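Chain by chain, the residues run as shown.
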Amino acid sequence: MGLLYLGTPLAWNDAKKYADHVRNHGITQFLHIWDRLKDRHGDELLWGDELEYMVISLDEEEKNAKLSLRQTEILAKLNAIVDDICADCPVNVSVPKFHPEYGRYMLESTPGSPYTGSIPDLLSVESNMRYRRTLARQHLKANEIPLTFTSFPRLGVPGQFTEPGYDPVDAVSSHSLFLPEEITNPHARFPTLTANIRTRRGSKVAINLPVFFDEKTPRPFIDPTIPWDRNIYPEDPEAKNGAALPDHIYLDAMGFGMGCCCLQLTFQACNVADARRLYDGLIPIGPILLALTAASPVWRGYLADVDCRWNVIAGSVDDRTEEERGLKVGSHRALLVYHLDAINCRQELKNSRFRIPKSRYDSVDLYLSTEWMNRPEYNDTEVPYDVEIYDRLRKHGLDQLLSKHIAHLFIRDPLVIFSETIDQDDTSSSDHFENIQSTNWQTLRFKPPPPNSSIGWRVEFRSMEVQLTDFENAAFAIFVVLLSRAILYFNLNFYVPISKVDENMQRAQKRDAARSGKFYFRKDVYPHDRSATNSVASFYSGRSSPQAVDGSTPKSKKLLNCFTPPGPPINGELKVPIENEYEEMTMDEIVNGKGENFPGLLRLVSAYLDTLEIEPEALEKIERYLDLVRRRANGSLETTATWIRNFVRSHPSYKFDSVVSQEINYDLLVAVDEIERGVRRESSLLPEDYTGGNKDQGSIGLLPLFHKMSSLRLLSAARRATTSFTLARRGYAEVSDRLRLSLALPHKAIFSSQDVVQVNIPAESGDMGILSNHVPSIEPLRPGVVEVIEASGTQKFFVSGGFATVHPNNKLTINVIEGAPLEEFSIEAVRSGLAEANKVAAGTGSEADKMEARIEADVYEALQHALAK
């Protein structure tokens, strides 16, 4: 979401007066950018992810998992600590950033600075994600957890589902029957956006998801939790007047969609042409990744017969009037006339400019590349566009496709206008352009460079649902970035008609689509001079690349960004009928291949990896991520949605009536947290060797164990009764400069910018000594001893794990979840605890208990080793 403008947003009746003003100046702003940067070329690959969390408050006594509405307070703490970590950071130290989101319970995080094309950057994605989660976790209350979870299962149920709780009767912006006003970020932009969508539409949004009919689900299903007879707001009767459909789960507010979490990726292209090629190449991939990452089968306390969020978000921001949706009497003729003349369409409608087939949040409507592979027949859907804007862009020199794309985006009205920004300098601002461009929330976004910025032409990939663990989110991010390189490097052709992409989007959301569904996909993805019968090896050996003296093709040490565009067909224009270019395939066939005729996306990625110079250990790590994608596609690992559905249906208190109770929801979210931290194994969802906090996965050691044990049961059992200790002088070399140390726990600071001589830390990569003038770096910590050497003596602290950040100017910051002076631990208590942990780990208890015991044993062993020195 980024920074939020502080100003006065206009209500819809005032804002709509400036709609044409914003559109006109928005196009002017884009043309200024185009004139300056249309010939920009040579940008290196920079890319990043946006990862969103829900903050969950756990009430163990009531068995209630609630949404914590402390976003503002949490972000203030996080930004303070990030600012402290960032102080004087060099460019090679990337500290993550945290941003507000629509829901007051949501946090968005980004890496801080983009990843490059280097292999180490690629392999740092998971540890970067885990670092962000760790920072968030450190600044939450003891009963709060940060979950990467797509849709909160009991959002909008009767009773308390937020902390603190509020009544939906005060929902003055959404008029929702289910969601209170306080669910929304209090920044003026968000309630204004919510209210303006409702006002412009002329009714509340109405989303209906088919309920999952279980053995005892009533037929017909008429939701008893809907307050059918509430009469507070003018729209309250809409539910009983037909907005709420039988056999469906009814949702009536923007918060149900924009309150979801997702994983998004943005790539900087070499130039505008490559950005357009990449945009087109990823359009058919959007629904495939949506199905593979499906993670949202529960809505408003009911199991749904869908697995994904997409249509919920599309419906939640659907501001189209009845006339624009084609529902109002008299608009049918306008639909027929549209195909003859877009201007006539506008004239036939009485109160609207266009009939608009889709919500402003939906799948892409147009391919953009001007390369020969993009045949006009692929853009086969109804795409209304503003003729005056189109003509203006064409006269300015833009090509037909890009002009139509922008003129299509600009049929929309700006939803939020700040009074202070109505008049802008169009040569230096893009606010009016982005007001409309960035509120067309589609599966892909083609993003021009911002004014006065070093950023280039970009493509944002937006369809994926967020996964439960950092390992999964990193795996899908790495897969997509490698696939993006393969598309450009090999000039792959994934084109199918847009209408088939739209149909794939609907298929992707069906229950168990990844395992049992089929999708339209292109049969021959090779360039024009290669046939589908060529092996992958011969395919990529024929690429156009510089050769060494011996005729071999040198391998690159990093992911490239500038590529040779596809040449024209050898035998002239291809005349294969469009309908013969694609067929229905299973997810397994699309991702893993279909015999010799279709290689599968993963083999194409592997072919690209073979063009890189990668150390065997690094390649093994990359393959581990790709194997998750492979197994999700072949069905040997479940999607998150399937796992959630199975968890609910196997819960002891589930009554097979489609109802997800408060207790089930609590146990589900506790289980999700345990899975992420590695204390619960789920072999149907994740590989057998996934251990959460294991350092081999780029994680933070065994830190999660200490967070879970908020009572410090393990530490307390191992500590002596006394808390006093003696400082012993050690014979360390004298150093003229001092190191300024800050060592902090979530609840207190042990050292605060205090001068010390040296600090020895238990880094994941091995024990490390930090002196003044140390090279700036960020080091994940494993459980072990932090030794602080001062002029007057030495102190040792056993810590749970965390991060040590070495800044310039002799500053060291260490953040850990828990820690205590080493001398407070008893060797006898440690040995006793180790024996008990080993006994439980080898016993016949539950898998979760044994996993936790193994982690405890590892910690006790680290303590025993430290005390034995």
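Parameters at a glance
- Residues numbered from 1 in each chain as written.
- Predicted model: local features only at pLDDT ≥ 70, side-chain atom pairs only at ≥ 80, totals over all residues.
- Heavy atoms only, no water.
- UniProt positions renumbered as here; feature names shortened; annotations may be inferred.
- Helix = DSSP H or I, 4+ residues; strand = E, 2+ residues; numbered from the N terminus.
- Buried < 20%, exposed > 50% of the residue type's maximum accessible area, 1.4 Å probe, protein only.
- Contact = heavy atoms within 4.5 Å.
- Areas by Shrake-Rupley, 256 points an atom, 1.4 Å probe, with all protein chains shown as cover.
- Expected span 1.5 Å × (residues − 1).
- Axes fitted to C-alpha atoms, helices over the stretch in contact; angles between N-to-C directions.
- Parallel < 35°, antiparallel > 145°, perpendicular 65-115°, else oblique.
- Core = buried A, V, L, I, M, F, W, Y, C linked by side-chain atoms within 4.5 Å.
- Phe/Tyr/Trp six-rings, centres within 6.5 Å; stacked < 30°, edge-to-face > 60°.
- Polar contact = N/O pair within 3.5 Å; in protein donor to acceptor, adjacent residues only side chain to side chain.
- Patch = residues over 30% accessible without salt bridge, like charges linked within 9 Å, V, L, I, M, F, W, Y side chains within 5 Å.
- Salt bridge = Lys/Arg side-chain N within 4 Å of Asp/Glu carboxyl O.
- Lys, Arg positive; Asp, Glu negative; His and termini not counted.
- Charge placed at Lys NZ, Arg CZ, Asp CG, Glu CD.
- Disulfide = S-S within 2.5 Å.
- Pairing = 2+ DSSP bridges.
- Nonpolar A, V, L, I, M, F, W, Y, C, P; charged D, E, K, R; others polar.

You'll find the protein chain entered in an unreviewed UniProt entry as Glutamate--cysteine ligase, with Leucocoprinus birnbaumii given as the organism. For the record of the protein chain, the UniProt heading Subcellular location (unreviewed entry) holds the text "Mitochondrion inner membrane". Note on the protein chain: under the UniProt heading Pathway (unreviewed entry), the record states "Sulfur metabolism; glutathione biosynthesis; glutathione from L-cysteine and L-glutamate: step 1/2."

Per the secondary structure count, the protein chain includes 29 helices and 27 strands. When the 869 residues of the protein chain are sorted by exposure, 61% land in the buried category. Taking contacts inside the protein chain between residues at least 6 apart in sequence as the whole, the part at least 24 apart equals 75%. Accessible surface computed for the protein chain: about 32800 Å², of which carbon and sulfur atoms make up 50%.

Attention shifts here to helix α6 (residues 189-201). Over its 13 residues, α6 extends 18 Å from the first C-alpha to the last, a length consistent with the 18 Å expected when each residue adds 1.5 Å. Among the 13 residues in α6, eleven count as buried, and that is most of the element. Looking only at α6, the buried set comprises Phe190, Pro191, Thr192, Leu193, Thr194, Ala195, Asn196, Ile197, Arg198, Arg200 and Arg201. Elements in contact with the buried residues of α6: α1 (12-15) and α11 (310-316).

Turning to the packing of helix α22 (residues 601-609) against helix α23 (residues 616-634), a few remarks are in order. Contact geometry for α22 and α23: axes closest at 11 Å, N-to-C directions at 170°. Classified by the angle between their axes, α22 and α23 sit roughly antiparallel to one another. Together, Leu602, Val605, Ser606 and Leu609 of α22 and Leu619, Ile622, Glu623, Leu626, Val629 and Arg630 of α23 make up the contact between the two elements.

Ranked by size, the top nonpolar core spans 208 residues in total, and within it Trp47, Ile56, Phe479, Leu482, Phe494, Phe521 and Trp643 carry the most contacts. At 15 residues, helix α17 (residues 470-489) tops the list of elements feeding residues into this core. The contact partners of Leu482, leaving out residues within four places of it in the chain, are Leu122, Leu559, Val605, Tyr608, Leu609, Ile622 and Leu626.

Quick look at the packing of aromatic side chains now. Counted under the stated rule, the structure contains 31 aromatic pairs. Measuring from ring centre to ring centre gives 5.8 Å for Phe446 and Trp457, while their planes differ by 20°; the resulting arrangement is stacked. Taken as a pair, Phe446 in strand β14 (residues 444-447) and Trp457 in the loop between β14 and β15 (458-461) lie far apart in primary sequence, eleven residues in all. You can call Phe446 buried: its relative accessible area is 3%. Note on Trp643 and Phe647: the rings are 5.4 Å apart at their centroids and 40° apart in plane angle, and the pair reads as tilted. Taken together, the residues span about one helical turn, with Trp643 and Phe647 both in helix α24 (residues 640-649) at a distance of four residues. Accessibility assignment for this pair places Trp643 and Phe647 in one class, buried.

Okay, the side chain of Gln424 next. Mapped onto the secondary structure, Gln424 falls in the loop between α15 (400-409) and α16 (431-437). One polar contact links Gln424 to Ser429, side chain to side chain, over a distance of 2.9 Å. The contact partners of Gln424, leaving out residues within four places of it in the chain, are Gln29, Ser429, Asp431 and His432.

Right, let's talk about a negative patch on the surface for a bit. Judged by side-chain charge, Glu613, Glu615, Glu617 and Glu620 come together as a negatively charged surface patch. Inspection of the secondary structure puts Glu617 in helix α23. Residue classification places Glu617 among the exposed residues on the basis of a relative accessible area of 57%.

Summed over all chains, the structure comprises 53 salt bridges. Ionic pairing is found between Glu73 and Arg70, a salt bridge with its closest N-O pair at 2.9 Å. Here Glu73 falls in the partly exposed class, since its relative accessible area comes to 40%. Of the residues examined, Arg70 reaches a relative accessible area of 10% and is grouped as buried.

Applying the stated criterion across every chain yields a total of one disulfide. The disulfide partner of Cys270 is Cys562, and the S-S distance across this bridge is 2.1 Å. In this structure, the disulfide formed by Cys270 and Cys562 twists by about 90° around the S-S bond and is classed as right-handed. Note that Cys270 is positioned in the loop between β9 (263-268) and α9 (272-282) and Cys562 in the loop between α20 (536-541) and β17 (582-586), a separation of 292 residues in sequence.

This part takes up unusual backbone geometry. The omega torsion of the bond from Glu163 to Pro164 falls at 0°, within 30 degrees of zero and hence cis. Following Arg219, the chain continues into Pro220 via a peptide bond in cis, with omega recorded as -5°. Structurally, the position occupied by Pro220 is in the loop between β7 (207-210) and α7 (239-243). Here the phi dihedral of Asn491 falls at roughly 55°; this positive angle occurs in a residue that is not glycine.

Pairing between strand β20 (residues 758-763) and strand β21 (residues 766-770): five bridges, direction antiparallel. Looking at β21, one finds that Ala763 is bridged to Gly766. Taking the residues between adjacent antiparallel strands as the criterion, β20 and β21 are bridged by two residues.

Another point: the pairing of strand β1 (residues 47-59). The buried count for β1 comes to twelve of 13 residues, which makes it a mostly enclosed element. In this sheet, β9 lies alongside β1 in antiparallel orientation, the contact comprising five bridges. The residue of β9 that forms the bridge with Glu50 is Gln264. Of the pairings in the sheet, the one linking β1 to strand β4 (residues 106-110) comprises four bridges and is antiparallel in character. Paired with Tyr53 across the bridge in β4 is Leu107.

Let us look at the side chain of Arg198. Mapped onto the elements, Arg198 comes out in helix α6. Discounting residues that sit within four places of it in the chain, Arg198 has contacts with Val172, Ser173, Ser174, His175, Ser203, Lys204 and Glu235.

This part covers the packing of helix α10 (residues 285-292) against helix α18 (residues 498-508). Relative orientation of the contacting elements α10 and α18 amounts to 5°, with a least axis distance of 8 Å. One element, α10, and the other, α18, form an angle in the roughly parallel class. Facing Gly286, Pro287, Leu290 and Ala291 of α10, the residues of α18 in contact are Val501, Asn504, Met505 and Ala508. Among the residues forming the contact of α10 with α18, the class breakdown is six nonpolar, two polar and no charged.

Relative to the helices and strands, Arg137 is located in helix α5 (residues 125-138). Sequence-wise, Arg137 and Leu147 are ten residues apart; in three dimensions their C-alpha atoms are separated by 9.6 Å.

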